[in-house]
2 protein chains.
Amino acid sequence: MNAPEKFQQLLTLSREPFPASSKSYIQGSRPDMRVPVRDVKLTNGEVASLYDTSGPYTDPDAVIDVRSGLPTAARANWVMERGDTEAYAGRERVALDDGGKHEDRDAARIAQLRQEAAGLQRPPRRARSGANVTQMHYARKGIVTPEMEYVALRENGRREWMADYLGDAARQARLKGNSLGAAIPQIITPEFVRDEVARGRAIIPANINHTELEPMAIGRNFLVKINANIGNSAVTSSIEEEVEKLVWSIRWGGDTVMDLSTGKNIHTTRDWIVRNSPVPIGTVPIYQALEKVGGVAEDLTWEIFRDTLIEQAEQGVDYFTIHAGLRLAFIHLTANRMTGIVSRGGSIMAKWCIAHHKESFLYTHFEDICDIMKAYDVSFSLGDALRPGSGADANDEAQFAELRTLGELTQVAWKHDVQTMIEGPGHVPMHMIQANMTEQLKHCHEAPFYTLGPLTIDIAPGYDHIASAIGAAMIGWMGTAMLCYVTPKEHLGLPDRDDVKQGIIAYKIAAHAANVAKGHPGARVRDDAISKARFEFRWHDQFNLSLDPDTAKEYHDETLPKDSSKEAHFCSMCGPKFCSMKITQEVREFAAAKGLTEQDALKAGMDEKSAEFQARGGEFYIPIHSTP
Amino acid sequence: MNAPEKFQQLLTLSREPFPASSKSYIQGSRPDMRVPVRDVKLTNGEVASLYDTSGPYTDPDAVIDVRSGLPTAARANWVMERGDTEAYAGRERVALDDGGKHEDRDAARIAQLRQEAAGLQRPPRRARSGANVTQMHYARKGIVTPEMEYVALRENGRREWMADYLGDAARQARLKGNSLGAAIPQIITPEFVRDEVARGRAIIPANINHTELEPMAIGRNFLVKINANIGNSAVTSSIEEEVEKLVWSIRWGGDTVMDLSTGKNIHTTRDWIVRNSPVPIGTVPIYQALEKVGGVAEDLTWEIFRDTLIEQAEQGVDYFTIHAGLRLAFIHLTANRMTGIVSRGGSIMAKWCIAHHKESFLYTHFEDICDIMKAYDVSFSLGDALRPGSGADANDEAQFAELRTLGELTQVAWKHDVQTMIEGPGHVPMHMIQANMTEQLKHCHEAPFYTLGPLTIDIAPGYDHIASAIGAAMIGWMGTAMLCYVTPKEHLGLPDRDDVKQGIIAYKIAAHAANVAKGHPGARVRDDAISKARFEFRWHDQFNLSLDPDTAKEYHDETLPKDSSKEAHFCSMCGPKFCSMKITQEVREFAAAKGLTEQDALKAGMDEKSAEFQARGGEFYIPIHSTP
């Protein structure tokens, strides 16, 4: 099988709707606002409606050609209607954008690349001169954009089906979440979204050039989101694989995807990814800038970096990781660390700073960067260049000095109405996690926190998705808005397709655990629905409501593959005689058959026996040998 | 390949020592006290010494024949020396012990079973009349047993190699754990162990008939332990598989193993498991009792149950799960639950109670049970029959009513000097976990808590090892002494060999994260050693210090299989140009070459640039179009 065939086959596979699921849309206030949900038809007639990140791929009616990208009509209108942008020729593509350094050697490769991506080229737009086109700018002017309404509808989902599961007041009180300071309303209104964006407590990463986007929000008072990293490295992988990983990532629940590609073909890889992505795409532009200077950090310049920002902004990247908080004076704080600097971008900039004996251009040109961000509505993801790379380095002065700087930069960005979130660690033992959240809230003025894990221990290579899901769930509960996934390959190699899935599922678990703990309205209903299905031995419903229906069914079927087992009142874990749920139902039926409520039946019986035992308690000592 | 060949092959596989590891022993105060550790030889000359649960299997010098069981000499002496036990004929084995209900049909099967297990039969011992042979009894009399000294040496491990990683005072202060009320001394002395056992805050599950045992402690002020469940169900699996799962479980770090077998061959399966186990074995005796009455819960009697307890105590089971806290009056509290009763033993006893309209014989005969326990030193694991089986049922009155009863029963057990731990949930959202620990400590007088997870969400079948590792890590930090693992097959089917490993690794992660957070002395050193190896690109050391060296190496080698890559200063995750650790080292070398300390170099550079930027901040607004 050659590469394009494999590509097509994988994409076909990933388009299959989930079992018993159909794509459905919540209609917004305008005809072109249709917010996707996944409706799961249960065998008892209920329809469970779930948040859906998978985009048009899981809609069998959608015609998708990855060579021309996803449809753009709806959001393109929203951007156009605002009348504050202009189309323009855009920056000229040069061979260096795709790693072409040697005209003779690279010309054919790049011509081929461009030909294959011809259908993905769109004329870029930017803010008209003097205009600011960020969602934060509109929000602060009191404008509720279609993007904000979309987010509100998406966050709420179909609340109707959830009502049945609420239970009585006592149950609701018992199960009430503990928001730890978050302020999540019962219903998210478009106005609430606007207000959260205006005060910087949430962002809607939405480049005006990414019109394929289905908008989403990142903020403490919304559902906790997860990010999946994809991207080829110099050592391995291809464009096709990366696009497939994108579609695969959002299928399993990636809310945003970062393209961390390095090496050759980096510009065109990004065209493929952005044009085919319904979720926000983030990048770390310094990676491409470094490619342009042949990997020599010292040769980086503001001009090359700036050009790269514009290049990527024109392509439609929704957020940029910028390590502007790495100040020259902080580098020495890492000298005695166990693992030094572990952010790729951070280590590159540290090298530049030392070589030039200067403050980094990311810091000195920060307002210039803001100017670019607001011309396209690219959001900042202020990078934590000095995050700890081991538990030993957690919460040290290097880390917190940078965090305070990120707080200062947040205020600079906000002065320009540029949407901003803050990246966080990393490797942090459990008992040191809370301080990260507390310091971030304090110094960064409630800008959304976006953490990588954190990994709670260092000794689990091969299983760092688990070591970090623990930390991610905890910090998500404490208020982190988005959790960057970690795959089983972390520290070891580039994740493949299955690693990506493993990482995403682990992080969906962490994010969902956080939403439940925070008491996000509606978060628990899916748990209740699956628990009810479990108790009623509706096996198919149990599979289909789970985070990964395929695996749940596969595991069940390993030992009990027959269709009849899907109605069986047991599974192979305990077998029929020892199924507690089966026995519980028998207990209930038994009591009912006796014409007693359980309560009557049981209260009656207890008193005498209890009294008898209480009387014996403390009195008898019956040696084992004398017992009959 | 026929079954015995497969068995032998698997056992051979599991005996292979870990890479670069050798079994070593810490010598105790008497020649026959040799406490095993795993010494890992690092490529930089260090030797890392790790807690080792794997028993003689990973000692190439040990001659092991699974048909005659592990060597018993050392602990057999300790028991004999105390002079308070006697050998006796023991209860007569009957066909029913192995599910033989039909003489004609089952005779051949049982004869064959017994023949194969002939080498595993040992004459049982019990307390002399009137004697009490529990570790708690000795502890309360002020006696430090060899078992207690063994535990002390084992908990400390080789502290010598740990000293190098402590770092300076500032680092130690920053990384100090938060014990949340635990009182873990810097060095565990035999006297400390005695005191903890005497006050009931720790147990050493150690049946006098399990002389193959390498003693270990379960208590809040010791390392957090994990339990792995094995056991065939009626639907699947064989004796061979279960023994192999035992060896496999302790290889990966299982501190105790529960044999939850049901179905036929249950007595003989247990012979195989106990005789070949260096770790404590727990069971749920009601499972076998139910088999003896043909699966009809109503037909259970105290006499059958009592006989089963003695049968298993004679075989050497170290702890029994007894669901004595399930009182008749509590059953009705489960009537409106989402998932009713989800403990197998609990549901069986609930059915019995309803059918007979009586308090359960586990409760009414609790002191009779104590008499058996103390004659063999079987520890109680007081079962939480009413644990929640879904987040919806977490922390409800049924659960807490039972917990309070378990507290009462703990005091009854302690009156008999019977070692006792308390089982806990189950399914509990993150924000409701702390209440479980708080209530347990309060009502159960600091008896060790032993929880199943808890699972923080319900929607992750296929990944419940992860959903529950989150809860397990948290509750372990809060004070739970042992974490019962959950495998990926939970709710779906019987775990196979790989599921067992996945469950154990997830729980080693949770337990280690808890130990680090609690500040257990020495817990962090393995993290530091692996982090240092990581920073220094000692790939083999990084693999060999990890929880699963095989998988770490395999993942790394998927893309970079060559031996030369084991010295490479990058991996395929980021590639050579983007390896932050490589760049950090270049930064350090660069600064050194310039003859500057980093601190000098950096402080010098910062002032002017910083001042410049500060001056600009807030002043400039440079529209994108005018920027060059």
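Residues numbered from 1 in each chain as written. Chains lettered and ligands numbered in written order. Predicted model: local features only at pLDDT ≥ 70, side-chain atom pairs only at ≥ 80, totals over all residues. Heavy atoms only, no water.

**Some details on helix α19 (residues 497-518) of chain A**
Residue and element names in this part refer to chain A. For α19, spanning 22 residues, the distance from its first C-alpha to its last is 31 Å, which sits close to the expected 32 Å at 1.5 Å a residue. Counting buried positions along α19 yields 20 of 22 residues, so the element is predominantly enclosed. Where α19 begins, one side-chain oxygen reaches toward the backbone nitrogen of aspartate 498, 3.1 Å away; that side chain belongs to aspartate 496. Looking at the residues trailing α19, positive phi occurs at glycine 519, about 80°. (Helix = DSSP H or I, 4+ residues; strand = E, 2+ residues; numbered from the N terminus. Expected span 1.5 Å × (residues − 1). Buried < 20%, exposed > 50% of the residue type's maximum accessible area, 1.4 Å probe, protein only. Polar contact = N/O pair within 3.5 Å; in protein donor to acceptor, adjacent residues only side chain to side chain.)

**What to know about the sheet that holds strand β8 (residues 225-230) of chain B**
Residue and element names in this part refer to chain B. Strands sit in the order β8-β9-β10-β11-β12-β13-β14-β15 around a closed barrel of 8 strands; the barrel is parallel. In this sheet, neighbouring strand axes are inclined to one another by 25° on average, regardless of whether the strands run parallel or antiparallel. Pairing of strand β11 (residues 319-322) with strand β12 (residues 379-382) involves 4 bridges; the strand directions are parallel. From the neighbouring strand, tyrosine 319 faces β12, where its bridge partner is serine 379. (Pairing = 2+ DSSP bridges. Axes fitted to C-alpha atoms, helices over the stretch in contact; angles between N-to-C directions.)

**A closer look at the UniProt feature "binding site: Zn(2+)" (unreviewed entry) in chain A**
Mapped onto this structure's residue numbering, the UniProt feature "binding site: Zn(2+)" (unreviewed entry) falls at His427(A) and His491(A). Judged by maximum C-alpha separation, these annotated positions cover 65 residues in sequence but sit close together in space, the widest gap being only 12.1 Å. Its place among the elements puts His427(A) in the loop between β13 (420-424) and α17 (433-443). By relative accessible area, which is 6% here, His427(A) ends up buried. Not counting residues within four places of it along the chain, the set of residues in contact with His427(A) comprises Pro388(A), Gly389(A), Ser390(A), Gly391(A), Ala394(A), Leu455(A), Ile457(A), Asp458(A), His491(A) and Arg534(B). Within the secondary structure layout, His491(A) lies in the loop between β15 (482-484) and α19. With residues up to four places along the chain from it excluded, the contact list for His491(A) reads His427(A), Leu455(A), Asp464(A), Arg534(B), Trp539(B), Gln542(B), Cys571(B) and Met573(B). A polar contact of 3.3 Å, which involves the side chain of His491(A), links it to the side chain of His427(A). (UniProt positions renumbered as here; feature names shortened; annotations may be inferred. Contact = heavy atoms within 4.5 Å.)

**Digging into the packing of helix α10 (residues 285-292) of chain B against helix α11 (residues 302-315) of chain B**
To describe two helices that pack against each other, one gives the angle between their axes and the distance between the axes. All names here are of chain B. It is the contact of α10 with α11, at a shortest axis distance of 9 Å, that shows an interaxial angle of 125°. On the basis of the axis angle, α10 is oblique to α11. Of the two possible hands of crossing, α10 and α11 adopt the one that is right-handed. Contact residues: α10 offers Pro285, Ile286, Gln288, Ala289 and Lys292, while α11 offers Ile304, Phe305, Asp307, Thr308, Leu309, Glu311 and Gln312. Partitioned by chemical class, the residues of the contact of α10 with α11 number 6 nonpolar, 3 polar and 3 charged. (Parallel < 35°, antiparallel > 145°, perpendicular 65-115°, else oblique. Left-handed = near helix turned anticlockwise from the far one by under 90°. Nonpolar A, V, L, I, M, F, W, Y, C, P; charged D, E, K, R; others polar.)

**As for the confidence of the model for chain A**
For residues with low pLDDT, the predicted coordinates do not support detailed interpretation. Residues and elements named next belong to chain A. Within chain A, residue pLDDT values average 90, and 92% of them lie at 70 or more. Here residues 604-628 is a poorly scored stretch, pLDDT under 50, and it has 50 contacts once near neighbours within four places are set aside; other chains count. Scored by ipTM, the complex comes to 0.94, with pTM at 0.94. (pLDDT = per-residue confidence, 0-100.)

**Brief notes about the pattern of salt bridges**
Overall, the coordinates contain 89 salt bridges over all chains when judged by the stated rule. A salt bridge links Lys489(A) to Glu558(B), with the nearest nitrogen and oxygen atoms 2.8 Å apart. Of this pair, Lys489(A) sits in the loop between β15 and α19 while Glu558(B) sits in helix α22 (residues 549-559), each in a different chain. One salt bridge connects Arg538(A) with Asp541(A), and the closest N-O pair in it is separated by 2.7 Å. The same class applies to Arg538(A) and to Asp541(A), which are both buried. (Salt bridge = Lys/Arg side-chain N within 4 Å of Asp/Glu carboxyl O.)

**Quick word on the interface of chain A and chain B**
Taken together, the contact pairs 176 residues of chain A with 175 residues of chain B. Both sides together, the interface formed by chain A and chain B hides about 14600 Å², and carbon and sulfur atoms give 66% of it. Looking at the side of chain A facing chain B, the largest losses of area belong to Ile459(A), Tyr463(A) and Phe578(A), adding up to 6% of the total buried there. In this structure, the connection of chain A to chain B is made through 2 salt bridges. Counting across the chain A and chain B interface gives 20 residue pairs in polar contact (both at pLDDT 80 or more). Per element, the largest residue contribution to the side of chain A that touches chain B is 13 residues, and it comes from helix α24 (residues 598-616) of chain A. (Buried area = accessible area lost by both parts, 1.4 Å probe.)

**Topic: the relation of the copies chain A and chain B**
Turning chain A through 180° and shifting it by 0.0 Å along the axis lays it on chain B, with an RMSD of 0.0 Å. Between the two chains, the operation in question is that of a two-fold axis. Among all residues of chain A, the one whose C-alpha sits closest to the rotation axis is Ile470(A), at a distance of 2.3 Å. By residue overlap, the copies meet face to face through one surface: 99% of the interface positions of chain A are interface positions in chain B. (Least-squares fit on C-alpha atoms with pLDDT ≥ 70 in both.)

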